[in-house]
Amino acid sequence: MTDALENPNYPVPDELKSNVIVTTIDRLYNWGRRSSVWPMMFGLACCAIEMICTAASRYDLSRFGMEVMRPSPRQSDLMIVSGTVTKKMIPVIVRLYNQMPEPKYVMAMGACASGGGPFKEGYNVVSGVDKFIPVDVYVPGCPPTPQALLNGLIKLQEKIDSQSIASVPWYQSGNSEPVPVPLLGPDLIDLRQRPLFNQLAKQPAAQAVTE
């Protein structure tokens, strides 16, 4: 075993490759995180029915260590946006995302959450939740099947496996800035575009409307 640690070319037997002695801190740390992902327990539309089906006995999320759906964002590390995201709902979603502790991940489940779906041209629907919060995995479908959601969760586990403690943002110096919660007025106002609003406010009214 000492030779395996000192010489990287030393052939390690297959039954010892997962042993703690010859593994890395990243692999051990990621194994613990990937096997205990806690999704947030909420749904938006018909995709939520498929998510409930995935958690039931036939497909059984517990095989992947993800069956503990938490009712509080402060106890969750995975947000599954399952359904149509309306302009009235996106401020609540962003607020829930900000309340989740790091490390946290977001999955856009279905065509509506990914890009607006059949309601993309609607006056009250956001064309993709990734316009406001970062998305890690997209699950296609309208609605996606339980098998598709399971595949998305496996892709999320693969992403977790590829991360390193030395490079993940939640272990870097400084605090992570929360996503500004958009304001719902006559239309949805993204506060990250405040510099643009200030610039347009300084221009003549006719020129601002043209731009």
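Residues numbered from 1 in each chain as written. Predicted model: local features only at pLDDT ≥ 70, side-chain atom pairs only at ≥ 80, totals over all residues. Heavy atoms only, no water.

**As for unusual backbone geometry**
Right, on to step 1. Following E102, the chain continues into P103 via a peptide bond in cis, with omega recorded as -5 degrees.
Right, on to step 2. On the secondary structure map, P103 appears in the loop between helix 4 (90–99) and strand 2 (105–109).
Right, on to step 3. Put simply, C142 and P143 share a cis peptide bond, and its omega is -10 degrees.
Right, on to step 4. Its location among the elements puts P143 in the loop between strand 3 (137–139) and helix 6 (146–161). (Helix = DSSP H or I, 4+ residues; strand = E, 2+ residues; numbered from the N terminus.)

**Side note on the layout of surface pockets**
Right, on to step 1. Taken as a whole, the largest pocket spans an internal volume of roughly 410 Å³.
Right, on to step 2. Together, 21 residues line the largest pocket, and Y97, E102, K104, P169 and S176 are the ones closest to its centre.
Right, on to step 3. When contributions to the lining of the largest pocket are tallied by element, the ones reaching two or more residues are helix 4 and strand 2.
Right, on to step 4. For the lining of the largest pocket, the residue count by class is 10 nonpolar, 6 polar and 5 charged. (1 Å grid on protein atoms, 1.4 Å probe; cavity = no way out; pocket = protein on both sides within 12 Å on 5 of 7 lines; lining within 4 Å. Points joined across faces, edges and corners; volume = space filled by probe spheres on them. Nonpolar A, V, L, I, M, F, W, Y, C, P; charged D, E, K, R; others polar.)

**Let's talk about the pattern of salt bridges**
Right, on to step 1. Considering all chains together, one arrives at 4 salt bridges under this definition.
Right, on to step 2. The partner of R34 in a salt bridge is D161, with the nearest N and O atoms 2.9 Å apart. You can see R34 sitting in helix 2 (residues 25–34) and its partner D161 sitting in helix 6, a full 127 residues away along the chain.
Right, on to step 3. According to the relative accessible area criterion, D161 is partly exposed, its value standing at 39%.
Right, on to step 4. With a closest N to O distance of 2.5 Å, D136 and K159 form a salt bridge. Of this pair, D136 sits in the loop between helix 5 (110–115) and strand 3 while K159 sits in helix 6; the two residues are 23 residues apart in sequence, bridging distant segments of the chain.
Right, on to step 5. According to the relative accessible area criterion, D136 is partly exposed, its value standing at 24%. (Salt bridge = Lys/Arg side-chain N within 4 Å of Asp/Glu carboxyl O. Buried < 20%, exposed > 50% of the residue type's maximum accessible area, 1.4 Å probe, protein only.)

**Some remarks on the packing of aromatic side chains**
The way to describe two aromatic rings as a pair is by their centre distance and the angle between their planes.
Right, on to step 1. One pass over the structure, following the stated rule, counts 2 aromatic pairs.
Right, on to step 2. Between Y29 and Y171 the ring centres are 6.1 Å apart and the planes differ by 50 degrees, which places this aromatic pair in the tilted class. Of this pair, Y29 sits in helix 2 while Y171 sits in the loop between helix 6 and strand 4 (183–184); the two residues are 142 residues apart in sequence, bridging distant segments of the chain.
Right, on to step 3. Overall, Y29 belongs to the partly exposed group, its relative accessible area being 23%.
Right, on to step 4. A residue is classified by how much of its surface remains accessible, and Y171, at 45% relative accessible area, is partly exposed.
Right, on to step 5. Pairing Y105 with W170 gives two aromatic rings, centres 6.4 Å apart and planes at 85 degrees, and the pair type is edge-to-face. Here the residue Y105 occupies a position in strand 2, and W170 occupies one in the loop between helix 6 and strand 4, the gap between them amounting to 65 residues.
Right, on to step 6. Under the relative-accessibility criterion, Y105 is labelled buried at 4%.
Right, on to step 7. Sitting over the face of the ring of W38, R70 holds its NZ or CZ atom 5.2 Å from the ring centroid.
Right, on to step 8. Lying across the ring of Y97, K104 places its NZ or CZ 4.1 Å from the centre. (Phe/Tyr/Trp six-rings, centres within 6.5 Å; stacked < 30°, edge-to-face > 60°. Lys NZ or Arg CZ within 6 Å of the ring centre and 35° of its normal.)

**Digging into the pairing of strand 2**
Right, on to step 1. Most of strand 2 sits out of view: 5 of its 5 residues are buried.
Right, on to step 2. Residues Y105, M107 and M109 of strand 2 are buried on one face, and the alternating residues V106 and A108, pointing to the opposite face, are buried as well.
Right, on to step 3. Pairing of strand 1 (residues 78–82) with strand 2, which is carried by 5 bridges, proceeds in the parallel orientation. If you follow S82 over to strand 2, its bridge partner there is M109.
Right, on to step 4. For the handedness criterion, the β-α-β arrangement of strand 1, helix 4 and strand 2 is classed as right-handed.
Right, on to step 5. Bridge count between strand 2 and strand 3: 3 bridges; the pairing is parallel. When the bridges of strand 3 are listed, A108 appears paired with Y138. (Pairing = 2+ DSSP bridges. Right-handed = clockwise from strand over helix to strand, strands pointing away.)

**Some words on the packing of helix 3 (residues 47–55) against helix 6**
Right, on to step 1. Interhelical geometry of helix 3 versus helix 6 gives an angle of 75 degrees and a closest axis separation of 9 Å. Taken as axis vectors, helix 3 and helix 6 run roughly perpendicular relative to one another. Residues E50, M51, C53 and T54 of helix 3 form the contact with helix 6, whose participating residues are P146, L149 and L150.
Right, on to step 2. Partitioning the contact of helix 3 with helix 6 into residue classes produces 5 nonpolar, 1 polar and 1 charged. (Axes fitted to C-alpha atoms, helices over the stretch in contact; angles between N-to-C directions. Parallel < 35°, antiparallel > 145°, perpendicular 65-115°, else oblique. Contact = heavy atoms within 4.5 Å.)

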